[in-house]
Amino acid sequence: MTESSGTPEATDGQVIDAVDDNWVDRYAPAWSRPYLRLSRADRPIGTWLLLLPCWWGVLLAAAATEFRLFDLWIIAGCAIGAFLMRGAGCTWNDITDREFDAQVARTKSRPIPSGQVTAKQAFVWLVIQALVACCILFTFDWAAIGMGVLSLLPVAIYPFAKRFTWWPQVFLGLAFNWGALLAWVAHTGSLSWPPVILYLAGIAWTLFYDTIYAHQDKEDDALIGVKSTARLFGDNTLPWLRFFLLASVSLMTLALILALVPAEANVLALVVALASAWGFGWHMFWQLSQLDTDDWENCMRVFRSNRDAGLIPVLFLAIAAAL
C-alpha cells in the first residue's frame with residue numbers, strides 16, 4: 001500500500017507521530033515504553049485536550065459561586081485522571097483498531113500492530129489505568145462519581161464510530177469534553193444549563209481540531225473504508241471549520257453569561273470571563289490561517305496548537321474566579 005506523503009518513518013520502537021525527544025523514548029525504562037506508548041504518554045496533546053474542559057468546568061463554577069480549597073484538588077485530580085483515562089481510552093482504541101492501524105502509515109508503528117505488546121497485555125494495562133483513575137474519582141462526591149461512570153459509555157463507543165458514521169468526531173467530542181460536566185458537578189453538587197452549554201462548546205471545538213487531525217490519514221482511510229469528517233468535507237473543510245469555530249465561541253459565550261449574570265458576578269469578572277471566549281476564538285482563527293490540509297506535518301502542528309487555544313479560557317476563567 002502506498003503510504004501517505006510526508007509521513008516520517010519510526011525508529012527503535014518509537015511511534016511515528018510522537019513528540020520529538022519525548023520523555024518516554026529518552027528516559028523511561030525499556031520494558032515500560034510500549035505501555036506508555038499505548039497510553040500516548042509520548043504524545044501529550046490528547047491529555048491536554050481531555051483535561052482542559054475539566055478546568056473550564058471547575059473554574060466557571062468557581063467564578064459563578066466562590067473558589068474553595070477543595071477546588072485545588074478538583075484541578076489536580078482532573079489532571080491525574082485525564083492522564084490515566086486518556087491512557088485507558090487510547091489503549092482501548094488501539095485494541096479495537098489494531099487491524100486498521102496496521103494498514104495506515106501513521107499508525108502502523110503503534111505498539112500492538114508493530115508487535116511490541118499483545119492485545120491481551122494491552123487489555124491488562126487498560127484495566128490497571130482505569131482502576132487507578134477510579135481511586136481519583138472516588139475522592140469526589142457521589143454526583144460527580146455518577147458523572148464519571150456515565151463517561152465510560154462514549155469512551156467505549158468512540159473507537160467503533162468510524163465504522164458506522166461519517167461523524168466519529170462527534171463521539172470523540174462527547175467523550176473528551178465530559179470533564180466540563182463532571183468538574184462543575186464536583187464543585188456544585190448538581191448539573192445545570194451553563195456546564196451543559198459549555199460541554200456543547202467543547203464538542204464543537206473537538207469537531208474543529210479533530211477534523212484537522214483526521215486530514216493526516218484521509219488517503220489511507222479512504223483505502224480501508226474508515227469514515228471521518230475530513231473525508232466527508234473534503235475540499236469544503238475550511239467552511240466547516242469556520243462553522244465549528246463560530247459554534248464553539250458562541251456556545252462558550254452563552255455558557256459564561258448564563259453562569260455569571262444570574263450569580264451577579266461583578267462587572268470586571270464578567271468582562272474577563274467573556275474575554276476568554278474572544279481569545280479562544282482568535283486562536284482558532286489563527287489556526288485556520290496556518291492550515292494546509294494536504295500537508296501531514298502542518299496538520300499535526302496546527303492540531304497540537306489547540307493546547308494553547310484551550311489554555312486561554314483556563315487563564316481568563318482563573319482570573320475571573322479570583323476577582
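Note that this is a predicted model, so its numbers are computed, not measured.

Our next topic: the confidence of the model for the protein chain. Taken as a whole, the protein chain shows an average pLDDT of 91; of its residues, 96% reach a score of 70 or greater. Mean pLDDT per element in the protein chain: helix α5 (residues 98-101) is the minimum at 79, and helix α14 (residues 237-260) is the maximum at 98. Note that residues 1-10 has pLDDT below 50 and, in this model, 26 contacts with residues that lie over four places away or in other chains.

Before going further, it helps to examine the packing of helix α7 (residues 142-150) against helix α10 (residues 178-188). Where α7 contacts α10, the two axes come as close as 8 Å, and the packing angle between them is 165°. The orientation of α7 with respect to α10, classified from their angle, is roughly antiparallel. Taken as a pair, α7 and α10 cross one another with a handedness that is left-handed. Residues A143, A144, M147, G148 and L150 of α7 lie in contact with α10, whose contacting residues are W178, L181, L182, V185 and A186.

Next up on the list: helix α15 (residues 267-290). Along an α-helix, a turn takes 3.6 residues, which lines up residues three or four apart on a common side. Look at α15: 35 Å from first C-alpha to last across 24 residues, which is about the 34 Å you get at 1.5 Å a residue. Buried residues of α15: A269, V272, A273, S276, A277, G279, F280, G281, H283, M284, Q287 and L288, and no others. The inward-facing, buried residues of α15 abut α3 (45-64), α11 (193-214), α14, α16 (296-304) and α17 (306-322). Measuring from the side-chain oxygen of the N-cap residue of α15 to the backbone nitrogen of L268 gives 3.1 Å; that N-cap residue is N266.

So, on to the packing of aromatic side chains. Applying the stated criterion to the full structure yields 21 aromatic pairs. Both rings, one in W92 and one in F160, keep their centres 6.1 Å apart while their planes meet at 70°; by these two values the pair is edge-to-face. Here the residue W92 occupies a position in helix α4 (residues 69-96), and F160 occupies one in helix α8 (residues 152-164), the gap between them amounting to 68 residues. For the pair F233 and F244, a centre-to-centre distance of 6.0 Å together with 45° between the ring planes defines the contact as tilted. Of the two residues, F233 sits in helix α13 (residues 229-233) while F244 sits in helix α14, which places them eleven residues apart along the sequence. Taken individually, F233 and F244 each receive the classification buried, so the pair is uniform in this respect. The rings of W56, W205, Y209, Y213, F280 and F303 are connected pair by pair, giving a single aromatic cluster. Above the plane of the ring of W48 lies R307, whose end atom (NZ or CZ) is 5.8 Å from the centre.

Moving on, we come to the pattern of salt bridges. For the structure on display, the rule yields eight salt bridges. The salt bridge partner of D294 is K218, with a shortest N-O separation of 2.9 Å. Here K218 lies in helix α12 (residues 218-224) and D294 lies in the loop between α15 and α16, a separation of 76 residues in the sequence. Given the relative accessible area of 63%, D294 is considered exposed.

A few words on the packing of α3 against α11. Orientation of α3 relative to α11, taken along the N-to-C sense of each, is 155°, at an axis distance of 11 Å. Overall, the two elements α3 and α11 adopt an arrangement that is roughly antiparallel. Considering the relative orientation of α3 and α11, their crossing is right-handed. Facing L49, L52, P53, W56, G57 and L60 of α3, the residues of α11 in contact are L198, G202, W205 and Y209. Here the residues of the contact of α3 with α11 sort into eight nonpolar, two polar and no charged.

Before going further, it helps to examine α8. At Y158, α8 is bent by approximately 45°, the largest bend along its length, and proline P159 sits one to four residues beyond. Regarding α8, the residues found buried are P154, Y158, P159, A161 and K162. Next to the buried residues of α8 lie α4, α7, α9 (168-176) and α11.

This part takes up a nonpolar patch on the surface. Where nonpolar side chains cluster on the molecular surface, the patch consists of L153, I157, F160 and F164 and spans about 380 Å² of accessible area. Along the chain, the position of I157 falls in helix α8.

Another aspect to go through is the nonpolar core. One finds W56 and F208 to be the most contacted residues of the largest nonpolar core, which totals 72 residues. With residues near it in sequence (within four places) discarded, F208 still touches L241, F244, L245, M284, Q287, L288 and N306.

Positioned with a positive phi, R40 is a non-glycine residue whose angle comes to about 60°. Structurally, the position occupied by R40 is in the loop between α2 (33-38) and α3. Among the residues examined, R40 registers a relative accessible area of 7% and is labelled buried. Phi at E264 takes a positive value of approximately 55°, unusual for a residue other than glycine. Judged by its relative accessible area of 70%, E264 falls in the exposed class.

About the thresholds
Residues numbered from 1 in each chain as written. Predicted model: local features only at pLDDT ≥ 70, side-chain atom pairs only at ≥ 80, totals over all residues. Heavy atoms only, no water. pLDDT = per-residue confidence, 0-100. Helix = DSSP H or I, 4+ residues; strand = E, 2+ residues; numbered from the N terminus. Contact = heavy atoms within 4.5 Å. Axes fitted to C-alpha atoms, helices over the stretch in contact; angles between N-to-C directions. Parallel < 35°, antiparallel > 145°, perpendicular 65-115°, else oblique. Left-handed = near helix turned anticlockwise from the far one by under 90°. Expected span 1.5 Å × (residues − 1). Buried < 20%, exposed > 50% of the residue type's maximum accessible area, 1.4 Å probe, protein only. Polar contact = N/O pair within 3.5 Å; in protein donor to acceptor, adjacent residues only side chain to side chain. Phe/Tyr/Trp six-rings, centres within 6.5 Å; stacked < 30°, edge-to-face > 60°. Lys NZ or Arg CZ within 6 Å of the ring centre and 35° of its normal. Salt bridge = Lys/Arg side-chain N within 4 Å of Asp/Glu carboxyl O. Nonpolar A, V, L, I, M, F, W, Y, C, P; charged D, E, K, R; others polar. Bend = angle between axes of the 7 residues up to and from the residue. Patch = residues over 30% accessible without salt bridge, like charges linked within 9 Å, V, L, I, M, F, W, Y side chains within 5 Å. Areas by Shrake-Rupley, 256 points an atom, 1.4 Å probe, with all protein chains shown as cover. Core = buried A, V, L, I, M, F, W, Y, C linked by side-chain atoms within 4.5 Å.

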